[in-house]
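# Fold and geometry: a report
Here is what each chain is made of, one letter per residue.
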Amino acid sequence: MTKRLLGLAIAVLALFALQTLLATSAAARASAVLDGPGTPSVRYSPAALAGPAADRGVDLLEDSSDQRLRVRQWGEVEPGGSVTVIVGGVGHTAAEFDSDDGRTPTGRAMSLPQQARALRQAAADQGLRPPAVIAFLGYDAPGNVIGALDAEPIRTGAANLTALTGALNQLDSTLETTWICHSYGSLVCASGMFTDRPEERPSQVVLIGSPGIHLDRADQAPADIALYTGRGDEDPIGLAPALGLLYGSFGADPARPGFGAEPIPTDPGTGHSDYFRAGSSQLAAMADLSATPVSNRVPVG
């Protein structure tokens, strides 16, 4: 009996320690989001930002930047035009950018370069002028779900993302910038929204497959940012806020009814890696948001 009681006590203490660790981790992520971005760790090449388009894209980081990072652009940024930044989440690496196999190392999701090209193609398929699209791996993305509990990549990613947006606006202050943020990348974008420099904020943010962003309502985001969200009916990320031990770990689900973000349509059967699937309703909606000026926008839902 004594051994059983001792074992039970150890299990209870272990569970308490785990809950404490998760609560501390959740608090750190909430702080990383609500406190906004810190100091950028990379520099962007002015020549690359202003340069012509290339079939394989143009690398925007200066050569001295962290070699684990990649920020690559397809299409030219035209005066008064639009530019979209796709922010990836767990599992994206520099190797994926430089590989021709078109998949992340897990083999389950499209690479960020593939997503960028798919978005431009979807705009063209709708008769829209394809926007300039930037695949953003401007931070050391977590390699797995456990790594996603870390808050530090949020701060780094947000700082480098807002610095990119600021650099683009230095080229042309009339640009409309869209951030499309997938999974853990939505936390990076949520933090970036709280920059205290208006020129570093986007015109609109699209959160897809988000585990939560530590906001309770869309109206808590900066008023000058239009907020959109989408989650597939077969995306298990929707379970994250409901899991007992992880409850509140990533904050409120921005795709839930009542949050207040403008929904984008998603096709039946859409899973966590399907948001950029060719011919899908969600890809068409994101392409329309990226390519159509805000002044001409109609609801997408």
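All of these numbers come straight from a predicted model, not from anything done at the bench.

### Quick notes on the pattern of salt bridges
Here the structure, examined in full by the defined rule, presents nine salt bridges. Of the charged contacts in the structure, one is a salt bridge between Arg197 and Glu200, with a shortest N-O distance of 3.6 Å. Glu200 sits in the buried class, given a relative accessible area of 12%. We note a salt bridge from Arg277 to Asp274, for which the minimum N-O separation is 3.7 Å. Classification of Asp274 as partly exposed rests on a relative accessible area of 22%.

### Brief notes about the sheet that holds strand β6 (residues 204-208)
If you trace the eight strands from one edge of the open sheet to the other, you get β1-β2-β4-β3-β5-β6-β7-β8, paired in mixed fashion. Of all the strands in the sheet, the pair left with one neighbour each is β1 (58-59) and β8 (262-263). Bridge count for strand β2 (residues 70-74) against strand β4 (residues 132-137) is five bridges, and the pairing is antiparallel. Of the residues in β4, the one forming a bridge with Gln73 is Ile134. Seen against the sheet, helix α4 (residues 112-125) touches β2, β3 (82-87), β4 and β5 (176-182) and runs at an angle of roughly 160° to β4.

### Structural notes on the environment of Gly269
Among the structural elements, Gly269 can be located in the loop between β8 and α7 (281-291). Sequence-wise, Gly269 and Asp235 are 34 residues apart; in three dimensions their C-alpha atoms are separated by 8.5 Å.

### Structural notes on the state of the cysteines
Two cysteines, two sulfur atoms, one covalent bond between them: this is a disulfide. All chains considered together, the criterion is met by one disulfide. Covalent S-S linkage joins Cys181 and Cys189, the inter-sulfur distance amounting to 2.1 Å. Taking the sign of the torsion about the S-S bond as the criterion, the disulfide between Cys181 and Cys189, at about -95°, is left-handed. Judged on exposure class, the residue Cys181 and its partner Cys189 are both buried.

### Some remarks on the confidence of the model for the protein
Residues with a pLDDT of 70 or more make up 73% of the protein, whose mean pLDDT is 79. Long-range and interchain partners of residues 5-25, a stretch whose pLDDT sits below 50, account for seven contacts in this model, where long-range means more than four residues apart.

### Description of helix α6 (residues 185-193)
Side chains of residues three or four places apart in an α-helix project in the same direction, reflecting 3.6 residues per turn. Among the nine residues in α6, nine count as buried, and that is most of the element. Where α6 is concerned, the buried positions are Gly185, Ser186, Leu187, Val188, Cys189, Ala190, Ser191, Gly192 and Met193.

### Focus on the packing of α4 against α7
Where α4 contacts α7, the two axes come as close as 8 Å, and the packing angle between them is 80°. Regarding the angle of α4 to α7, the classification is roughly perpendicular. Of the residues in α7, those touching α4 at Ala118, Leu119, Ala122 and Ala123 are Leu283, Met286, Ala287, Ser290 and Ala291. Residues that form the contact of α4 with α7 fall into these classes: eight nonpolar, one polar and no charged.

### Some words on the side chain of Asp235
Along the chain, the position of Asp235 falls in the loop between β7 (226-230) and β8. Although buried, Asp235 forms no salt bridge, and the nearest oppositely charged side chain, Arg231, lies 5.9 Å from it. Here His272 takes part through its side chain, which lies 2.9 Å from a polar atom of the side chain of Asp235. Polar side-chain contacts of Asp235 include one of 2.6 Å to the side chain of Tyr275. Not counting residues up to four positions away in its chain, the partners in contact with Asp235 are Gly209, Thr270, Gly271, His272 and Tyr275.

### Focus on the pairing of β2
Where burial is concerned, most of β2 is hidden: five out of the five residues are buried. Neither face of β2 is left uncovered, since the one carrying Arg70, Arg72 and Trp74 and the one carrying Val71 and Gln73 both have all their residues buried. One ladder, built from two bridges, connects β1 with β2; its direction is antiparallel. The residue bridging Asp59 from the neighbouring strand is Arg72, located in β2.

### Some details on the pairing of β3
The element β3 is largely enclosed, with a buried count of six among its six residues. The pairing of β3 with β5 spans six bridges and is classified as parallel. When the sheet's bridge partners are listed, Ile86 is paired in β5 with Ile180. Here β3 runs beside β4; their pairing, made up of five bridges, is parallel. Bridge pairing in β4 links Ile86 to Ala135.

### Thoughts on the side chain of Arg72
Looking at the secondary structure, you find Arg72 in strand β2. Within the structure, Arg72 has its side chain in polar contact with the backbone oxygen of Phe97 (distance 3.2 Å). Residues in contact with Arg72, not counting those within four places in the same chain, are Arg56, Gly57, Val58, Asp59, Phe97, Asp98, Val133, Ile134 and Ala135.

The rules behind each value
Sequence order as written defines the numbering, with residues in each chain counted from 1. For a predicted model such as this one, the threshold for reporting local features is a pLDDT of at least 70, and the threshold for listing and counting side-chain atom pairs is 80 or more; totals across whole chains, interfaces and linings nevertheless cover every residue. To obtain the side-chain values, all non-hydrogen atoms of the structure were used and water was disregarded. Any carboxyl oxygen of Asp or Glu within 4 Å of a side-chain nitrogen of Lys or Arg constitutes a salt bridge here. The buried label applies to any residue whose accessible area, calculated with a 1.4 Å probe on protein chains only, is under 20% of its type's maximum; exposed applies above 50%, and partly exposed to all values in between. Two strands pair if DSSP finds at least two bridges between them. Helix numbering and strand numbering both begin at the N terminus, where a helix is a DSSP run of H or I of at least 4 residues and a strand a DSSP run of E of at least 2. When checking whether two residues touch, look at their non-hydrogen atoms; a contact exists if any pair is within 4.5 Å. To obtain an axis, a line is fitted to C-alpha atoms, over the contacting stretch when the element is a helix, and the angle between two such axes runs from 0 to 180 degrees between their N-to-C directions. Criterion for a disulfide: a pair of cysteine sulfur atoms within 2.5 Å. The predictor attaches a confidence to each residue, and that confidence, scored 0 to 100, is pLDDT. For classification purposes, an angle smaller than 35 degrees is called roughly parallel, one larger than 145 roughly antiparallel, one from 65 to 115 roughly perpendicular, and anything else oblique. Note that Gly is not counted as nonpolar here; it falls among the polar residues with everything else outside the nonpolar set of Ala, Val, Leu, Ile, Met, Phe, Trp, Tyr, Cys and Pro and the charged set of Asp, Glu, Lys and Arg. For the purpose of counting charges, residues Lys and Arg are taken to be positive, whereas Asp and Glu are taken to be negative. His and the chain ends are not included. For the purposes of these results, a polar contact is taken to be a pair of N or O atoms within 3.5 Å, where, inside protein, one atom must be able to donate a hydrogen and its partner to accept one; residues adjacent in sequence count only when each atom of the pair is a side-chain atom.

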